[in-house]
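Structural overview for review
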Amino acid sequence: MVGHISRPGAEARQGEVFALEPVAAARALIGWTLTVDGVGGVIVETEAYHHEDPASHSFSGPTARNAVMFGPPGRAYVYRSYGIHWCLNAVCGPDPGSAVLIRALEPTHGTEIMRERRGVEDVRQLCSGPGKLCQALAVNRALDGARLDAAPFEMAPPDREPALVAGPRIGITRAADLAWRFGLKGSRFLSRPFPQAR
DNA sequence: ATGACGATGCACT
DNA sequence: GTGCATCGTCATG
């Protein structure tokens, strides 16, 4: 079973989000539902990567790997991490070379398929990390450059403006001080907790 | 041709 | 909390 997730006006709102600069886009994407062939869930964690950001793959200019980042917004940029995992980004921004890393989903669609693909039962372990969610949604190199507004992708906006939390990005060494990681406040499906605001 | 380096996840202490 | 598998990508010779 593959339930559609479309809502009225979703396409226009999607175009608006992907036109934003990456920090704004990363914030705006929290709460959207993302599926691949009907399997997926609600985006609860993102990170922004700006073209002038030393932590971004695009920082040193176009290469074979990051070419999609320099193309039109609204496409998937998929890359291999640590030779093992895949990671999914949404290309965004008015300027070339910006993207939003999708870091975690709250599983809502096709959870049994995700359990099979991940080999774990716990719903909190299905999509709580960029590599995990790509395994759960069967995202790989074949989807690098694919449009996010067409099959097999489908995206639907949140009904209400979600409450956000922000913090430093995970797993990077450069520009590690920037608070460009965003999460759905109170979500139990994050890859890691956010540092407490003090 | 070769070497350094990860936008990670998992097992283990 | 720490250790590390594993390999594509990119810079260098």
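Rules and cut-offs
- Residues numbered from 1 in each chain as written.
- Chains lettered and ligands numbered in written order.
- Predicted model: local features only at pLDDT ≥ 70, side-chain atom pairs only at ≥ 80, totals over all residues.
- Heavy atoms only, no water.
- Helix = DSSP H or I, 4+ residues; strand = E, 2+ residues; numbered from the N terminus.
- Rg over C-alpha atoms; globule rule 2.2 N^0.38 Å.
- Buried < 20%, exposed > 50% of the residue type's maximum accessible area, 1.4 Å probe, protein only.
- Pairing = 2+ DSSP bridges.
- Near = heavy atom within 4 Å.
- Polar contact = N/O pair within 3.5 Å; in protein donor to acceptor, adjacent residues only side chain to side chain.

1. As for the overall build of chain A
Helix and strand counts for chain A stand at four helices and eight strands. Ordered by position in the sequence, the α and β elements of chain A form the string α-α-β-β-β-β-β-α-α-β-β-β. Relative to the 2.2 N^0.38 estimate, which gives 16 Å for 198 residues, the radius of gyration of chain A is 15 Å and therefore close to what a compact globule would have. Each of the three principal axes of chain A carries a C-alpha extent, and together these read 45 × 40 × 35 Å.

2. So, the pairing of strand β3 (residues 76-81)
The buried fraction of β3 amounts to five of the six residues, a majority that puts the element mostly inside the structure. One ladder, built from six bridges, connects β3 with strand β4 (residues 85-92); its direction is antiparallel. Along β4, the bridge assignment pairs V78 with L88. Counting the residues in the hairpin turn of β3 and β4 gives three residues, including Y82, whose phi is positive at 55°.

3. Considering the protein's contact with DNA strand B
As a structural note, the neighbourhood of DNA strand B is formed by 20 residues, with Y79, H85, N89, G131 and K132 the closest of them. Each atom of DNA strand B within 4 Å of the protein belongs either to a base or to sugar and phosphate, the latter forming 55%. N89 places a polar side-chain atom, nitrogen or oxygen, 2.5 Å from a base nitrogen of DNA strand B. Looking at the surface near DNA strand B, the elements that each hand over two or more residues are β3, β4, β5 (98-109) and α4 (130-137). The element that contributes the greatest number of residues to the surface near DNA strand B is α4, accounting for three residues.

4. Structural notes on the protein's contact with DNA strand C
Lining the immediate surroundings of DNA strand C are T63, A64, R65, Y82, G83, I84 and R141. Near-protein atoms of DNA strand C (within 4 Å) split between backbone and bases, with sugar and phosphate holding 72%. Taking R65, its main chain carries an N or O atom lying 3.4 Å from a phosphate oxygen of DNA strand C.

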